[in-house]
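# Understanding the architecture of this molecule
Here is what each chain is made of, one letter per residue.
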Amino acid sequence: MTFRIVGALFVALACVAPAHAQEIPSDYAAVLKTLRKTGDFKGSVLKANIPRNDLTVTIGGTTVPIPLGFGGWIAMTKGEHGMDVMMGDLVLTESEVNPVMSAVLNAGLDVTALHNHFFKEVPRIYYLHVHGMGKAEELAKKIRPAIDLIGRDPFPPPAIAGPELPTGLASAPLSTIIGYPGEQNGAVYKITIGRADLDVREHGARIEARMGLNTWAAFAGSNQDAVVAGDVAMLAAEVTPVLKALRGAGLEIVAIHNHMTTGQTIYFLHYWGRGPADKLASGVRAALDVIEKKN
């Protein structure tokens, strides 16, 4: 079954009954309490939100909304032998990177990637991927010191605001072009697509979209003047064809890297674009066409 067929079914189901979060199990409720964060439980995955609402971020001189790509997270799901697998992506300023990394490592957790998502952003932002296995509450206690350092930059960047993006973006045409539904978060419309064709596992736990194995596209602005930021999850053979599709559509490539250090190797490609919203969405669709034709 192709991604487009899966997406069409998802759209149809979404029109009938919106997805609802499951009741949070007691051990995961304790995790949110320990982390002092909000979150939800869907698809057997707990996800705690760590947005950088303390920052004002500009890209190319334009102020962009934080949900466009500056929201960190920690996710947990059940693995083997009663253990939980934890993965996360922490959004950090340049001066926060090494103190937070040391806190993660000193707690006995793993750092699996450090990279950028954007060019020309002020302040400079980095993304630190973390991994661990153990009892849910123990993992929460281990990652808490690192999270506590976020927003406490010893050399805080100055808040430099630029002109804001226009508004009035219509989301429905974007879903129609890309073939998948999305979610509205303030001024940002984000479409997230899993890789249901891949069976990636960590310590017995299936790693799916909510654990970070996904392709996404976040849009903001107006129909005529929009921006898109996103990520494409790929196998090695898909990297070059996807690059060609995105560059052919005029989208900028800003990073290619991995997020995980065990299991099947998955590559993640980050891209950026500005222009008419429908043209940007068509560029994203071109990348998906490459992957879907292989499945």
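Our subject in this report is the structure included herewith. (Residues numbered from 1 in each chain as written. Predicted model: local features only at pLDDT ≥ 70, side-chain atom pairs only at ≥ 80, totals over all residues. Heavy atoms only, no water.)

Looking now at the overall build of the protein. In terms of regular secondary structure, the protein is built from 7 helices and 17 strands. For 295 residues, the compact-globule estimate of 2.2 N^0.38 gives 19 Å, and the protein sits close to it at 19 Å. Its C-alpha atoms give the protein principal-axis dimensions of about 50 × 45 × 35 Å. Expressed as a percentage of the 295 residues in the protein, the buried residues total 49%. Accessible surface for the protein amounts to roughly 13300 Å². Of this, 56% is attributable to carbon and sulfur atoms. Averaging the positions of the 27 positive and the 28 negative side-chain charges in the protein gives two centres separated by 1 Å. (Helix = DSSP H or I, 4+ residues; strand = E, 2+ residues; numbered from the N terminus. Rg over C-alpha atoms; globule rule 2.2 N^0.38 Å. Buried < 20%, exposed > 50% of the residue type's maximum accessible area, 1.4 Å probe, protein only. Areas by Shrake-Rupley, 256 points an atom, 1.4 Å probe, with all protein chains shown as cover. Lys, Arg positive; Asp, Glu negative; His and termini not counted. Charge placed at Lys NZ, Arg CZ, Asp CG, Glu CD.)

The next subject is the pattern of salt bridges. When their charged atoms lie close together, side chains carrying opposite charge are able to pair. Overall, the coordinates contain 12 salt bridges when judged by the stated rule. Linking Arg-195 and Asp-197 is a salt bridge whose minimum nitrogen-to-oxygen distance equals 2.8 Å. With a closest N to O distance of 2.5 Å, Glu-292 and Arg-285 form a salt bridge. Of the two residues, Glu-292 and Arg-285, both sit in the buried class. Here the salt bridges do not stand alone but share partners, grouping Asp-27, Lys-78 and Asp-84 into one network. (Salt bridge = Lys/Arg side-chain N within 4 Å of Asp/Glu carboxyl O.)

A few words now on the packing of aromatic side chains. Considering all chains together, one arrives at 3 aromatic pairs under this definition. Taking 4.9 Å as the distance between ring centres and 20° as the angle between the ring planes, the aromatic pair formed by Phe-70 and Phe-118 counts as stacked. Taken together, the residues Phe-70 in the loop between strand S4 (62-64) and strand S5 (71-78) and Phe-118 in the loop between strand S7 (110-115) and strand S8 (121-122) connect sequence positions 48 residues apart. Like Phe-70, the residue Phe-118 is buried in the burial classification. Where Phe-118 meets Trp-272, the ring centres are 6.0 Å apart and the plane angle is 75°; that geometry is what we call edge-to-face. Here the residue Phe-118 occupies a position in the loop between S7 and S8, and Trp-272 occupies one in strand S17 (residues 267-275), the gap between them amounting to 154 residues. For the pair shown, Phe-118 and Trp-272 are each scored as buried. Chaining the aromatic ring pairs together yields one cluster made of Phe-70, Phe-118 and Trp-272. Here the guanidinium or amino end of Lys-47 rests over the ring plane of Trp-73, the centre of that ring lying 4.5 Å away. The lysine or arginine in question, Lys-190, covers the ring of Trp-216, its NZ or CZ lying 4.5 Å from the ring centre. (Phe/Tyr/Trp six-rings, centres within 6.5 Å; stacked < 30°, edge-to-face > 60°. Lys NZ or Arg CZ within 6 Å of the ring centre and 35° of its normal.)

The next subject is the side chain of His-129. Summarising the element assignment, His-129 is placed in strand S9 (residues 125-134). A polar contact is formed between the side chain of His-129 and the side chain of His-115, at a distance of 3.0 Å. In contact with His-129, not counting residues within four places along its chain, are Gly-88, Asp-89, Asp-110, Val-111, Thr-112, Ala-113, His-115 and His-259. (Polar contact = N/O pair within 3.5 Å; in protein donor to acceptor, adjacent residues only side chain to side chain. Contact = heavy atoms within 4.5 Å.)

Turning to the packing of helix H6 (residues 239-248) against helix H7 (residues 277-293), a few remarks are in order. With their axes 8 Å apart at the nearest point, H6 and H7 run at an angle of 160° to one another. In terms of axis orientation, H6 runs roughly antiparallel to H7. As for the relative orientation of H6 and H7, their crossing is right-handed in sense. Taking contact as the criterion, the partners of Pro-241, Val-242, Ala-245 and Leu-246 in H6 are, on H7, Gly-283, Ala-286, Ala-287, Val-290 and Ile-291. When the residues that make up the contact of H6 with H7 are grouped by side-chain class, the tally is 8 nonpolar, 1 polar and no charged. (Axes fitted to C-alpha atoms, helices over the stretch in contact; angles between N-to-C directions. Parallel < 35°, antiparallel > 145°, perpendicular 65-115°, else oblique. Left-handed = near helix turned anticlockwise from the far one by under 90°. Nonpolar A, V, L, I, M, F, W, Y, C, P; charged D, E, K, R; others polar.)

Limitation: the analysis is restricted to geometry and does not speak to function.
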